[in-house]
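# Fold and contact review
Chain residues, written in single-letter form:
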Amino acid sequence: MATLIRDPQPAEIDALVERREALGLDRRDEVWDGVLHMNPPPSVEHQILAQQLTELLTPLARRSGLFPLIQVFGVGEGREDYRVPDGGLFRGQPEGVWQGTAALVIEIVSPKDDSWKKFEFYAAHEVNEVVIVDHKTREVHWFGLGDGEYRPIERSGLVEMGPSELASQIDWPKLPPQK
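Below is a summary of the structure that appears in this document. The structure displayed is predicted, hence computed values, not measured ones. (Residues numbered from 1 in each chain as written. Predicted model: local features only at pLDDT ≥ 70, side-chain atom pairs only at ≥ 80, totals over all residues. Heavy atoms only, no water.)

### Focus on the sheet that holds strand S11 (residues 149-152)
Spatial ordering of the open sheet is given by S3-S6-S8-S9-S10-S11, a layout of six strands whose pairing is mixed. Every other strand in the sheet has two partners, leaving strand S3 (67-69) and S11 as the edge strands with one partner each. When strand polarity is set aside, the average angle formed by the axes of neighbouring strands in this sheet is 20°. Pairing of strand S9 (residues 129-134) with strand S10 (residues 139-146) involves six bridges; the strand directions are antiparallel. Across the sheet, residue Asp134 finds its bridge partner in S10, namely Glu139. Helix-sheet contacts for helix H2 (residues 44-63) involve S3, strand S6 (87-90), strand S8 (104-108) and S9, and the interaxial angle to S8 is about 160°. (Pairing = 2+ DSSP bridges. Helix = DSSP H or I, 4+ residues; strand = E, 2+ residues; numbered from the N terminus. Axes fitted to C-alpha atoms, helices over the stretch in contact; angles between N-to-C directions. Contact = heavy atoms within 4.5 Å.)

### A closer look at the pattern of salt bridges
Within the structure shown, the criterion is met by six salt bridges. Residue Lys117 is joined to Asp114 by a salt bridge in which the shortest nitrogen-to-oxygen separation is 3.5 Å. A relative accessible area of 60% means that Lys117 is categorised as exposed. With a relative accessible area of 23%, Asp114 lands in the partly exposed category. With a shortest N-O distance of 2.7 Å, Arg155 and Glu165 are connected by a salt bridge. Highlighted residues: Arg155 in the loop between S11 and helix H4 (163-169) and Glu165 in helix H4, separated in sequence by 10 residues. A residue is classified by how much of its surface remains accessible, and Arg155, at 42% relative accessible area, is partly exposed. Taken together, the salt bridges that share partners define one network made up of Arg155, Glu160 and Glu165. (Salt bridge = Lys/Arg side-chain N within 4 Å of Asp/Glu carboxyl O. Buried < 20%, exposed > 50% of the residue type's maximum accessible area, 1.4 Å probe, protein only.)

### A word on the pairing of S11
Both S10 and S11 contribute to a ladder of four bridges, which runs antiparallel. Counted as the bridge partner of Phe143 is Pro152 from S11. Hairpin connection from S10 to S11: two residues lie between these consecutive antiparallel strands, with Asp147 at a positive phi of about 55°.

### Digging into the packing of aromatic side chains
Using the criterion set out here, one finds seven aromatic pairs in the structure. Relative to Phe143, the ring of Trp116 lies with its centre 5.9 Å away and its plane at 90°, an arrangement referred to as edge-to-face. Of this pair, Trp116 sits in the loop between S8 and helix H3 (119-124) while Phe143 sits in strand S10, and the two are 27 residues apart along the sequence. Among the residues examined, Trp116 registers a relative accessible area of 41% and is labelled partly exposed. Measuring from centroid to centroid gives 4.9 Å for Phe119 and Phe143, while their planes differ by 75°, and the two rings are edge-to-face. With Phe119 in helix H3 and Phe143 in strand S10, this residue pair connects regions lying 24 residues apart in the sequence. The exposure class assigned to Phe143 is buried, which follows from its relative accessible area of 10%. An aromatic cluster is present here, built from Trp116, Phe119, Phe143 and Tyr150 joined pairwise through their rings. (Phe/Tyr/Trp six-rings, centres within 6.5 Å; stacked < 30°, edge-to-face > 60°.)

This is the structure in structure tokens:
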């Protein structure tokens with residue numbers, strides 16, 4: 001359920017935001033054009049996929065001269081508008097909290113997440129490639145940026161890998177029971 005609370009926010013909302021920050025629960029929160037999106041922690045299945053992506057992509061990135069960071073980081077210019085992918089590859093070692101761009105970002109689809117809605121933002125920040133890993137369908141989607149839009153690609157221009165090859169190397173975690 002999405003909830004929009006218009007400004008001025010009640011003090012309880014400010015307290016919730018401060019509490020989430022103090023407890024470190026805000027690491028995956030995002031701000032879309034000034035609107036806070038509070039995201040829950042990832043499932044174990046999500047984390048298993050992130051670990052495998054780290055193991056599979058790190059050696060390829062290093063061989064290509066890229067810096068792997070398959071961890072949470074912010075793409076954007078600051079607190080008013082940023083996205084938090086599940087990982088990425090950089091042309092050099094990133095620094096600080098906000099990264100203006102990345103060579104590649106990775107999004108692992110979670111229930112009710114907005115991975116597919118981030119393309120316009122990533123394109124505006126000149127992210128060259130976007131990889132979306134969907135645990136539920138057991139698919140990897142790989143997109144390259146061209147003329148300001150992302151289009152599916154069969155092979156990365158950054159690392160020696162493509163979506164079908166990556167999908168075949170993932171030991172997909174068991175799907176959670178249907179509710």
